[in-house]
Amino acid sequence: MTKLLVLYYSTYGHVETMAQAVAEGARAAGIEADIKRVPETVPEEIAKAHHFKLDQAAPVATPDDLAHYDAIIIGAPTRFGRLPAQMAAFWDQTGGLWLKGALIGKVGAAFTSTASQHGGQETTLYSLLSNLIHHGMVISGLPYSFQGQLTLDQVSGGAPYGATTIAAGDGSRAVSANELDGARFLGQHVAGLAKKLA
Ligand SMILES: Cc1cc2nc3c(=O)[nH]c(=O)nc-3n(C[C@H](O)[C@H](O)[C@H](O)COP(=O)(O)O)c2cc1C
């Protein structure tokens, strides 16, 4: 069976929620989808003091897990318009896989969250996708057939470069129904591509 991995990092839960929707979309396309997260690198006492969401149920991934999937969709919140150190540290440990060409030809895509509407969604998606491109993966964006990304009647994430949400400066905004639809669409779309390639 075609297998897809949703690999994410989330400090406060928005990207975690998006990851679950991406996996739902992939499963709706009839493939197996696992959700894993990259290791937290912030010391636990600091994470607690800053109210990180520490009850995330997804198992922690190791770099060797990646080779077992036909498709990998990665998600992380923006940090100054680019991917967070936690996600970068994970990919920085995949040199051995790169040397073997272990991920060449697998399908990849990305999703993200920012505090503000123009806080760097597209640059963050590019910085996430860059890791997959260097591994020789076949990259998918979020096609405009997901028409929800064209909406102007509400504040909403969603971009041709990947699925997105907007968390607000204090993290108080929940992932919207339209953004969840975009995440599901991305999962389903990438699953369909992976099935065809497999
Ligand atoms: C160090 C740091 C840098 C950040 N940089 C940005 C930024 O450049 N643009 C922005 O809109 N939000 C920025 N944020 C806000 C986070 O992206 C926001 O908390 C995140 O999207 C929420 O997702 P999560 O709940 O999955 O952690 C930053 C947060 C931190 C801690």
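Basis of the calculations
Residues numbered from 1 in each chain as written. Predicted model: local features only at pLDDT ≥ 70, side-chain atom pairs only at ≥ 80, totals over all residues. Heavy atoms only, no water. Salt bridge = Lys/Arg side-chain N within 4 Å of Asp/Glu carboxyl O. Helix = DSSP H or I, 4+ residues; strand = E, 2+ residues; numbered from the N terminus. Near = heavy atom within 4 Å. Polar contact = N/O pair within 3.5 Å; in protein donor to acceptor, adjacent residues only side chain to side chain. Areas by Shrake-Rupley, 256 points an atom, 1.4 Å probe, with all protein chains shown as cover.

Engineer: What is the right way to read the pattern of salt bridges from this model?
Structural biologist: Think of it this way: side chains of opposite charge can pair up when their charged atoms draw near. Tallied over the entire structure, the rule returns seven salt bridges. Across the pair Lys53 and Glu16 runs a salt bridge, and its minimum N-O distance is 2.8 Å. Taken together, the positions of Lys53 in the loop between helix H2 (44-49) and strand E3 (71-77) and Glu16 in helix H1 (residues 14-28) put the pair 37 residues apart, joining distant regions of the chain. Of the charged contacts in the structure, one is a salt bridge between Glu179 and Arg173, with a shortest N-O distance of 3.0 Å. Each of Glu16, Lys53 and Asp55 takes part in a single network of salt bridges with overlapping partners.

Engineer: Sorry, what's going on with the site of the ligand here?
Structural biologist: By nearness alone, 17 residues border the ligand, and Ser10, Tyr12, His14, Ser113 and Gly119 come closest of all. In the model, an oxygen atom of the ligand is placed 2.6 Å from a nitrogen or oxygen of the Ser10 side chain. At 2.8 Å, a backbone N or O of Tyr12 approaches an oxygen atom of the ligand. When isolated, the ligand has an accessible area of 640 Å², and the protein chains bury 77% of it. Listed by contribution, the elements that provide at least two residues to the shell around the ligand are H1 and strand E4 (107-114).

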